[in-house]
Amino acid sequence: CVVLVADYANNTSAYRIIYGGEGEDFAGRMFGFTYTNLASIGTGSRWIEIDPDHLYVSYNGYEGLTQVGAMDNDIHLTAAEYVDGYVFMAADNGKIYAAPQDELSAYSEVGDFTASTGTIWDMAFNYTDNKMYAVGDNSIVYTMNLLTGELTQAFTMSLYNPANSSSATFKKLQGLAIDS
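Not measured: the values here are computed from a predicted model. (Residues numbered from 1 in each chain as written. Predicted model: local features only at pLDDT ≥ 70, side-chain atom pairs only at ≥ 80, totals over all residues. Heavy atoms only, no water.)

Before going further, it helps to examine unusual backbone geometry. One non-glycine residue, Asp84, lies in the positive phi region at around 50°. Mapped onto the elements, Asp84 comes out in the loop between strand E8 (77–83) and strand E9 (86–91). For Asn130, which is not glycine, the phi torsion reads 55° and is therefore positive. (Helix = DSSP H or I, 4+ residues; strand = E, 2+ residues; numbered from the N terminus.)

Here it is in structure tokens:
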């Protein structure tokens, strides 16, 4: 079985799926951003590295999570994307931040996107055209200037709402999380 995956940034990948054979491959590194006040897994805004082979989280404790960076507690990320050694981050305060992947606590403000959209729900970098794409809460996909954070409209998306198939109503895109 071959699965083709594509996203709004025109990234495409084909994956051959072989059932009943080898286990999952976790050769890459997996990171996540969280904001919690559960003492058992830490508090505040922070980056964690996830070890999928040993992941276990409950109210009593955790395994497989290692904190690798912290941010100010008033910064809550809505989207992030890796580009050539740096992680670009969109926050709910309307700012774009960037940090080296190996020093996520050393983040800097790149710019402000509130003139274009209230929230960025997802970002994807396309290495073919060397552009960062961002999905706004207004169903518009933007390209992002990595030096200033400035957004430029690339295109608008509308999704047909099958719950109301008797009319021509459309549902706004609330987010898209498909990265290759």
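Now that the structure has been shown, we can carry on.
Before going further, it helps to spend a moment on the nonpolar core. Ranked by size, the top nonpolar core spans 17 residues in total, and within it Ala90, Ile96, Ile120, Met123, Met132, Met144 and Leu151 carry the most contacts. Those elements that provide at least two residues to this core are E8, E9, strand E10 (95–100), strand E12 (120–126), strand E13 (131–136) and strand E14 (140–144). Residues within four places of Met132 in sequence aside, it is in contact with Glu81, Val83, Phe88, Met123, Ala124, Phe125, Tyr142, Thr143, Met144 and Leu146. Core analysis: the second largest hydrophobic core is formed by eleven residues, Met71, Val87, Met89 and Leu104 among them. (Core = buried A, V, L, I, M, F, W, Y, C linked by side-chain atoms within 4.5 Å. Buried < 20%, exposed > 50% of the residue type's maximum accessible area, 1.4 Å probe, protein only. Contact = heavy atoms within 4.5 Å.)

What follows concerns the sheet that holds E12. Sheets are built from strands paired through backbone hydrogen bonds, the pairs being either parallel or antiparallel. Pairing is antiparallel in the open sheet, where four strands are placed in the order E12-E13-E14-E15. At either margin of the open sheet sits one strand with a lone partner, and together these are E12 and strand E15 (151–156). Strand-to-strand, the axes of this sheet are offset by a mean angle of 30°, without reference to chain direction. (Pairing = 2+ DSSP bridges. Axes fitted to C-alpha atoms, helices over the stretch in contact; angles between N-to-C directions.)

Our next topic: the environment of Gln67. Tracing the backbone shows Gln67 in strand E7 (residues 65–70). Residue class for Gln67 comes out partly exposed when judged on its relative accessible area of 47%. Once the C-alpha coordinates of Gln67 and Phe31 are considered, the two residues, 36 residues apart in sequence, prove to be 9.6 Å apart. The contacts of Gln67, once residues within four sequence positions are left out, are Arg46, Trp47 and Ile48.

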